[in-house]
Amino acid sequence: MSNKRVPIRDLTDGAPIDQAFRVADKQLRVNRQGGKYILLRLEDRTGIIAAMIWNADERLFDSFDHADFIFCRGRTQIHNGTLQIIATSVERMDSSEVDLADYERFDHEKSQKLLEQLDALLKSIDDLAIRKIGEAFLADLRFVESLQRAPAAISNHHAYPGGLLQHTVDLMELVTIVAPRYPKLNRDLLLFGAFLHDLGKIEEMADSGEASYSDRGQLVGHIVIGVQLLGEKIAQVKQANDGLISDELTYHLEHLIVSHHGLMEYGSPRLPVTLEALVLHHLDNLDAKIASYVNIIESDVSARGNWTNYHPGIGRKLWRS
């Protein structure tokens, strides 16, 4: 086995593959002719790449698992504008055979800076009741550690360890820009809604990374989990500050969580019916869309000239210059 590896971000079209990766996800599929193949998502600290193993079977599929390290042989190729690997063989490796630093995608230094920004944003809230709830969250060290490492999604936007914290802080910063423009908006409520809206993803995603959902995530989902997390912290604050948090405030905070997807067909149990909920939905969508489109532009390795290749997920090409 070769000890020299090329980071995923530096792989090019037609390059031979003879190196280790970590398995972010694996699926055994059947093609139209009834043949079986394995679809993999392989990762290192620089990114994720899809890999295909044709003419596969259950024995090979069961020989390694999610989060295992595998040694992969094959070649890269471009498919629909995206680089992928066609693997000819894969073999499970022990973690002692790799340098774990090559696969750790969590940026501790960046996370600490984001956490400081988050702390400052929550301290800028004037409403004492809301600020106390924020303090209860940040006083929970287990919660903070999970928030620092959680991804914001399986794919598309902020789909990496620490992505949830990045998305949360970016969204809160957007609120500080937009809220002063509209006097009828409750800036404190909107800002805290931006903090709350995706917190349930801490438990929705599997502990092993951004590539899969936890059992609770699939059965319950981050919106319900988020409401439950909020309820736990409100109960703690009420115990120490009786009468500080009104039922009305609780309902409005819950509404911000349950309506932030905007439409019921997008997973919102309720449509946004407050100004704050409406603005939160659109700012959340804006931040997610920008992050997703930037990722498409940066990952389209076969693009030429001013345009990306056509991307079927968004139904268009993107200007890249």
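Attention in this report is confined to the structure presented alongside it. (Residues numbered from 1 in each chain as written. Predicted model: local features only at pLDDT ≥ 70, side-chain atom pairs only at ≥ 80, totals over all residues. Heavy atoms only, no water.)

Before going further, it helps to examine the overall build of the chain. Counting its secondary structure elements, the chain contains eleven helices and five strands. Whereas a compact globule of 321 residues would reach a radius of gyration of roughly 20 Å, the chain reaches 22 Å, a difference of no more than 12%. The dimensions of the chain, computed from C-alpha atoms along their principal axes, are 65 × 45 × 40 Å. Counted over contacts in the chain with a minimum sequence separation of 6, partners at least 24 positions apart contribute 57%. Accessible area of the chain: about 17000 Å², with a carbon and sulfur share of 49%. (Helix = DSSP H or I, 4+ residues; strand = E, 2+ residues; numbered from the N terminus. Rg over C-alpha atoms; globule rule 2.2 N^0.38 Å. Contact = heavy atoms within 4.5 Å. Areas by Shrake-Rupley, 256 points an atom, 1.4 Å probe, with all protein chains shown as cover.)

Before going further, it helps to spend a moment on the sheet that holds strand β1 (residues 16–30). In space, the five strands of this closed barrel follow the order β1-β2-β3-β5-β4, with mixed pairing throughout. When the angles between neighbouring strand axes are averaged without regard to direction, this sheet yields 50 degrees. Pairing of strand β2 (residues 36–44) with strand β3 (residues 47–53), which is carried by seven bridges, proceeds in the antiparallel orientation. Looking at β3, one finds that L39 is bridged to M52. (Pairing = 2+ DSSP bridges. Axes fitted to C-alpha atoms, helices over the stretch in contact; angles between N-to-C directions.)

Using the criterion set out here, one finds seven aromatic pairs in the structure. Residues Y37 and W54 carry aromatic rings whose centres are separated by 5.1 Å and whose planes lie at 45 degrees to one another, so their mutual orientation is tilted. Note that Y37 is positioned in strand β2 and W54 in the loop between β3 and α1 (58–61), a separation of 17 residues in sequence. Its relative accessible area of 13% is what places Y37 among the buried residues. Relative accessible area serves as the criterion here: at 43%, W54 is assigned to the partly exposed category. Consider the rings of F137 and F143, whose centres lie 5.0 Å apart with planes at 50 degrees: the pair is tilted. On the basis of relative accessible area, F137 is assigned to the buried category, the value being 1%. The exposure class assigned to F143 is buried, which follows from its relative accessible area of 8%. What links up through ring pairs into an aromatic cluster is the set F137, F143, F192 and F195. (Phe/Tyr/Trp six-rings, centres within 6.5 Å; stacked < 30°, edge-to-face > 60°. Buried < 20%, exposed > 50% of the residue type's maximum accessible area, 1.4 Å probe, protein only.)

Take helix α5 (residues 163–178) next. For α5, spanning 16 residues, the distance from its first C-alpha to its last is 22 Å, which sits close to the expected 22 Å at 1.5 Å a residue. All of the buried residues along α5 are G163, L164, L165, Q166, H167, T168, V169, L171, M172 and V175. On its buried face, α5 sits against α2 (108–123), α4 (141–149), α6 (187–196), α7 (201–204) and α11 (275–299). (Expected span 1.5 Å × (residues − 1).)

Quick look at the pairing of strand β4 (residues 69–79) now. The side chains of a regular strand alternate, first on one face of the sheet and then on the other. Where β1 and β4 come together, seven bridges link them in antiparallel fashion. Its bridge partner lying in β4, P16 is registered against R75. Bridging between β4 and strand β5 (residues 82–93) involves eleven bridges; their strand directions are antiparallel. If you follow R73 over to β5, its bridge partner there is S89.

What follows deals with the nonpolar core. In terms of nonpolar packing, the biggest core is built from 49 residues, with L118, I133, F137, F192, F195, L196 and L253 touching the most fellow members. Counting only elements with at least two residues in this core, the list comes to α2, α3 (128–138), α4, α5, α6, α9 (222–240), α10 (247–258) and α11. The element contributing the most residues to this core is α6, with seven residues. I38, F61, I70 and V90 belong to the second largest nonpolar core, which has 21 residues in total. (Core = buried A, V, L, I, M, F, W, Y, C linked by side-chain atoms within 4.5 Å.)

To continue, consider the pairing of β2. Counting buried positions over the nine residues of β2 gives seven, a clear majority of the element. Sheet analysis places β1 next to β2, joined by eight bridges and oriented antiparallel. The partner of K26 across the bridge, within β2, is L40. Counting the residues that bridge the hairpin from β1 to β2 gives five residues, and of these G34 lies at a positive phi of roughly 90 degrees. The hairpin turn running from β2 into β3, its antiparallel successor, is two residues long.

A word on unusual backbone geometry. A positive phi angle, near 50 degrees, is found at N55, a position not held by glycine. Inspection of the secondary structure assignment puts N55 in the loop between β3 and α1. For A67, which is not glycine, the phi dihedral falls at a positive 80 degrees.

Here we come to a nonpolar patch on the surface. Side chains of L263, M264, Y266, L271 and V273 sit close together on the surface and give an oily, nonpolar patch of about 520 Å² of accessible area. Position of Y266 among the secondary structure elements: in the loop between α10 and α11. (Patch = residues over 30% accessible without salt bridge, like charges linked within 9 Å, V, L, I, M, F, W, Y side chains within 5 Å. Salt bridge = Lys/Arg side-chain N within 4 Å of Asp/Glu carboxyl O.)

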